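Residue-level structure breakdown
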Amino acid sequence: MKILIVSSEVAPFAKSGGLADVAGALPKALRKRGHDVRVVMPLYAGIDWEALEKLDGALDVPMWWGTARGAVRLGRLPRSDVPVYLLEYNQYFDRRYLYGPPEDGYADNLERFTFLSRGALQLCKRLNFIPDAIHANDWQTALVPVYVNTVEWGQPLHGAATVYTIHNLMYQGVTDGGALFITGLGPEHYHPGEFEHFGSLNLMKAAIRHSNVLSTVSPTYAREIQGGELGCGLDGELRSRAGDLFGILNGIDEDEWNPATDALLPQRFGPGDDAGKQAVKLALQREAGLPADPGVPLFCAIGRLVDQKGFDVLAGALERALDWHLQVILLASGDKELERHFASLAQRHPERFKAFLHFDNALAHRLYAGSDFVIVPSRFEPCGLNQLYSLRYGTVPVVRAVGGLEDTVEDSGAPGEGTGFKFREYTEVALWGAVSRALAAFRDKAAWRGIVDRGMAQDFSWDRSARSYEALYQRLAG
Ligand code: ADP
């Protein structure tokens, strides 16, 4: 099949979250399955422009004010021949941030991502690449399926099947209704059947209405977002398309996340190699300034300090849990108040708790590899990668049973079963409960071995997920 994937971020070119990982890994997995996959993203500042091939000629993109004359650079996804077309228009993308400074989007984001969405389709026509399926992601490329049904009406691209994936429903691309003209579409599109949602313009709603099929990144999140609590105001829309909404789990990029080959570890190890993992643990304890002791259970927690991730519950729970015989290492940054709280907790418990309050990918690798447990207490979690990496590295997840965490961790409720420990209520008490069950299992060496081995044997390869996406594309193309 011919497949076009449009994304505002693609690893390793530009990344702010899990979307980039998906857009960087899924195309490679589809390519391995024999498809002609191409990826389109913006050319941002911070990308190595010189390493890219500059295509001849301009790329003309119709905008509300006239024609934007852009250019196109071509790169490849690492260790693959998958082409990545980076749309160059410096006025929009040669800026410090992808979307704007933290907490604040750029005022012209609608215009910037109109250019990307419309530009991706213009590029297809220029390359004479008419895809069987066009796959758009999140609010930034929500206009793609809308354009396929409107400005491309009756043209070859109109025949492409459209797939729209929601990676996080919280960010919907909401702005004032008066801004619709920026998309180049007329006021007849501003009504509750397309862009209008409770008095505002909502890009995600328009994509939900216009796409042939919808997906999100885990089966449980696909169900949760059809309810009021996690539906973020679009639950009714999603319920009305329940038959076209699929949950497909993200995979792991095995080139980057494999304990047997990971160059970022002081020592590599495979399943059953307890000594190798212990060596990473001891090095990690030393690095964190904690007593180096293989017998003490070591927990880690990694993530953005934002409401979604549940670090407030973790902070509360640690106040008591740090009196127990355990160690905890945190790697997280974001909310300043929480950062201060964790820093003060580390001062009060220097033997038990270490807080690294910045972003450090190499340290994240060492933490997934050297810890005994990872804690993921999220309020909601569309898929979540922490628990997937941890399972792969023989580190047992203690997670809240929501979204992708519910789907990928099996509770070790009885001897001989499960890969981790889950709790349901969003409370400190519930988290303690799961941590104490985890500690009990840690002391029972035979049971522990079983939990670790079962986790390491799980298949979260992208190949598996790619087959599910392929089935979606094929179903539509058929
Ligand atoms: P989200 O996309 O919502 O942030 P995911 O669990 O899908 O959550 O992905 C988060 C990714 O970012 C993981 O690979 C995690 O290891 C990484 N990460 C988050 N915070 C940090 C940090 N402070 N340092 C290093 N890696 C981090």
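Residues numbered from 1 in each chain as written. Predicted model: local features only at pLDDT ≥ 70, side-chain atom pairs only at ≥ 80, totals over all residues. Heavy atoms only, no water.

The next point concerns the pairing of strand β4 (residues 59–63). Burial of the side chains of β4 is restricted to one face: L59, V61 and M63 are buried, whereas none of D60 and P62 on the reverse face is. Here β4 folds back onto strand β5 (residues 66–76), and the loop between the two strands holds two residues. (Buried < 20%, exposed > 50% of the residue type's maximum accessible area, 1.4 Å probe, protein only. Helix = DSSP H or I, 4+ residues; strand = E, 2+ residues; numbered from the N terminus. Pairing = 2+ DSSP bridges.)

Okay, the sheet that holds strand β9 (residues 174–175) next. Pairing within the open sheet is antiparallel, and its three strands lie in the order β9-β11-β10. Edge positions in the open sheet fall to β9 and β10 (196–197), since each of these has one partner strand only. Sheet analysis places β10 next to strand β11 (residues 200–202), joined by two bridges and oriented antiparallel. Paired with E196 across the strands is L201, a residue of β11. Running at roughly 55° to β11, helix α5 (residues 203–210) makes contact with β10 and β11 of the sheet. (Contact = heavy atoms within 4.5 Å. Axes fitted to C-alpha atoms, helices over the stretch in contact; angles between N-to-C directions.)

The ligand sits among 18 residues. The nearest are R304, K309, H358, Y368 and L385. Take G18: an N or O atom from its main chain is 3.0 Å from an oxygen atom of the ligand. At 2.9 Å from an oxygen atom of the ligand is found a side-chain nitrogen or oxygen belonging to K309. Considered on its own, the ligand offers 570 Å² of accessible surface; in the complex 90% of this is hidden by protein. Among the secondary structure elements, those contributing two or more residues to the shell around the ligand are β14 (298–305), β15 (327–334), α11 (361–370) and α12 (386–392). A class-by-class count of the residues in the shell around the ligand yields eight nonpolar, seven polar and three charged. (Near = heavy atom within 4 Å. Polar contact = N/O pair within 3.5 Å; in protein donor to acceptor, adjacent residues only side chain to side chain. Areas by Shrake-Rupley, 256 points an atom, 1.4 Å probe, with all protein chains shown as cover. Nonpolar A, V, L, I, M, F, W, Y, C, P; charged D, E, K, R; others polar.)

When a strand is regular, its side chains alternate between the sheet's two faces. Strand direction decides the pairing type here: β15 and strand β16 (residues 353–356), joined by four bridges, are parallel. Residue pairing for β16: V328 is matched across the bridge by F353. The parallel pair β15 and β16, bridged by helix α10 (residues 336–348), forms a crossover whose chirality is right-handed. (Right-handed = clockwise from strand over helix to strand, strands pointing away.)

By the element assignment, S218 lies in the loop between β12 (213–216) and α6 (219–224). Within the local environment of S218, its side chain forms a polar contact with the backbone nitrogen of Y221, the two atoms lying 3.2 Å apart. Non-local contacts of S218, meaning those with residues more than four positions away in its chain, are made with G247, I248, L249, P382, C383, G403, G404 and D407.

Further remarks concern the domain arrangement of the protein chain. Split into domains, the protein chain comes out as domain 1 (2–251 + 462–477) and domain 2 (274–456). A C-alpha centroid distance of 34 Å is found between domain 1 and domain 2. Residue-level contacts link 16 residues of domain 1 with 14 residues of domain 2. Here domain 1 and domain 2 share zero salt bridges between them. Where domain 1 packs against domain 2, one counts five residue pairs in polar contact (both at pLDDT 80 or more). Taken together, the elements giving at least two residues each to the side of domain 1 that touches domain 2 come down to α1 (18–32) and α6. The element best represented in the side of domain 1 that touches domain 2 is α6, accounting for four residues. Its residues assigned to classes, the side of domain 1 that touches domain 2 comprises seven nonpolar, seven polar and two charged. (Domains from an automatic or database assignment. Salt bridge = Lys/Arg side-chain N within 4 Å of Asp/Glu carboxyl O.)

Glancing now at the packing of aromatic side chains. Under the counting rule described, the total for this entry stands at 22 aromatic pairs. With 5.0 Å between their ring centres and 80° between their planes, F442 and W448 make a pair best called edge-to-face. Here F442 and W448 have matching classes, each one buried. Put simply, the rings of Y44, Y89, Y92, F93, Y99, F113, F115 and W139 touch in pairs and so form one group of aromatic residues. (Phe/Tyr/Trp six-rings, centres within 6.5 Å; stacked < 30°, edge-to-face > 60°.)

Turning to the sheet that holds strand β17 (residues 373–376), a few remarks are in order. Spatial strand order, β16-β15-β14-β17-β18-β19: six strands in an open sheet with parallel pairing. Across the chains shown, the open sheet's two edge strands, defined by having one partner strand only, are β16 and β19 (421–423). Taking each pair of neighbouring strands and ignoring which way they run, the sheet shows an average axis angle of 15°. With three bridges connecting them, strand β18 (residues 396–400) and β19 associate as parallel partners. Within β19, the residue paired with V398 across the bridge is F421. In the packing of α11 onto the sheet, contacts are made with β14, β15 and β16, and the angle to β14 comes to roughly 145°.

A separate point is the side chain of T114. With respect to the element layout, T114 can be found in helix α3 (residues 109–127). For T114, a relative accessible area of 1% puts it in the buried group. If near-sequence neighbours (up to four positions away) are discounted, T114 is found in contact with M63, G119, L143, Y147, I182 and T183.

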